[in-house]
Each structure stands twice: as structure tokens, then as C-alpha cells.
Amino acid sequence: MGCIGNALWFIFGGVWMGLSWGLMGVLWCITIVGIPVGVQCFKMAGLAFFPFGKEVDYGGGAGSLLLNIVWIIFSGLALALEAALIGVLFCITIVGIPFGKQCFKIAKLALMPFGATVR
């Protein structure tokens, strides 16, 4: 399902989620202090474009916790709501449930991207 799922995902919603992550990355990179956050956004945009076949491991320490709190306040909540709403729309039909599950994976990642690794 990985290759076909990623192709269908990209056409039916992944391009918009990936572009929104990329836009957040550009906005964070405007300031020098926000460049590490912007780079993380660009990494997560790659996952938002093609999520099938990838797993997310959560971890990190106190630094990740502080960055995640700042992230949620300024950008994370908007990205998480976007992914969750698209996921609900996908889950209306039985065929869309695998795509909805990917949306919910991205929504969780949008709330706490720092300390998370994609494999």
C-alpha cells in the first residue's frame, strides 16, 4: 500500500498539508532564532507529503518539551487542527479510513514535533 497510498495521498490532500508545513517553516526561518524550528518544519513537510510506510518515535528531554510548548502556541495548534479536520473528512467513508489514520498521525506530530524521529 506504500507506493500507491502515497501517490493517492499526495493527490487527495497530502500536497496541501505538506505546503502548510512548508509555509510554517518559511515563516519560522524569517528570524534567525526560529531557523531550527523552520528546519524541523521542512522535515515534517516531507512526512506530510508521503506518510505511508513511515513510523514516528517520540522522545526527547526538557529542551524538546520547552520547544514543543512554544511550538503549540505559535504554530502547532493550527497544523494539528488542519490535519485532524481533514482526517475526520477522510474517515467519513470506509475507503478513506487509512488516509484518515495518516492525518491523525500527522496531527499528533503537529502537537509535539520536537524530540520525534521519523523512520
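Described in the following lines is the structure provided in the data block. Here the residue index of a chain counts from 1 through its sequence in written order. Per-residue local features are limited, in this predicted model, to residues with pLDDT of at least 70; the limit for side-chain atom pairs, both in listing and counting, is 80 or more; totals at the level of whole chains, interfaces and linings are taken over all residues. The side-chain figures draw on all heavy atoms in the structure; neither hydrogens nor water molecules are used.

This part covers helix α1 (residues 2-29). In this model, α1 (28 residues) spans only 32 Å end to end at C-alpha, well below the 40 Å of a helix rising 1.5 Å per residue. G13 marks the point of greatest bend in α1, at about 70°. Runs of H or I in DSSP of at least four residues are treated as helices and runs of E of at least two as strands, each being numbered from the N terminus. Multiplying one less than the number of residues by 1.5 Å gives the expected span of a helix. Bend, in this description, refers to the angle at a residue between axes fitted to the seven residues ending there and the seven starting there.

It is worth spelling out the nonpolar core at this point. The biggest cluster of nonpolar side chains holds 26 residues, and the ones touching the most others in it are W9, M17, W21, W71 and I106. Of all elements in the fold, only α1, α2 (35-49), α3 (62-90) and α4 (97-111) reach the threshold of two or more residues within this core. Throughout, a contact is declared for two residues whenever any of their heavy atoms are within 4.5 Å. The residues contacting I106, other than those within four sequence positions of it, are W9, M17, W21, L47, A48, P51 and A83. To define a nonpolar core, start from buried Ala, Val, Leu, Ile, Met, Phe, Trp, Tyr and Cys residues and group those joined through side-chain atoms within 4.5 Å. Classification of residues uses two cut-offs on accessible area relative to the type maximum, computed with a 1.4 Å probe and protein chains only: under 20% is buried, over 50% is exposed, and between them is partly exposed.

We now examine a nonpolar patch on the surface. Nonpolar side chains (Val, Leu, Ile, Met, Phe, Trp, Tyr) within 5 Å and like charges within 9 Å form the patches, drawn only from residues with over 30% relative accessible area and no salt bridge. Here, Shrake-Rupley sampling with a 1.4 Å probe gives the accessible areas, and only protein chains in the shown set may cover a residue. Each salt bridge in this description consists of a side-chain nitrogen of Lys or Arg and a carboxyl oxygen of Asp or Glu lying within 4 Å of one another. On the surface, I4, L8, F10, I11, F12 and F50 cluster together into a nonpolar patch covering about 600 Å² of accessible area. Examined against the element boundaries, L8 turns out to sit in helix α1. Taking relative accessible area as the criterion, L8 reaches 34% and is therefore assigned partly exposed.

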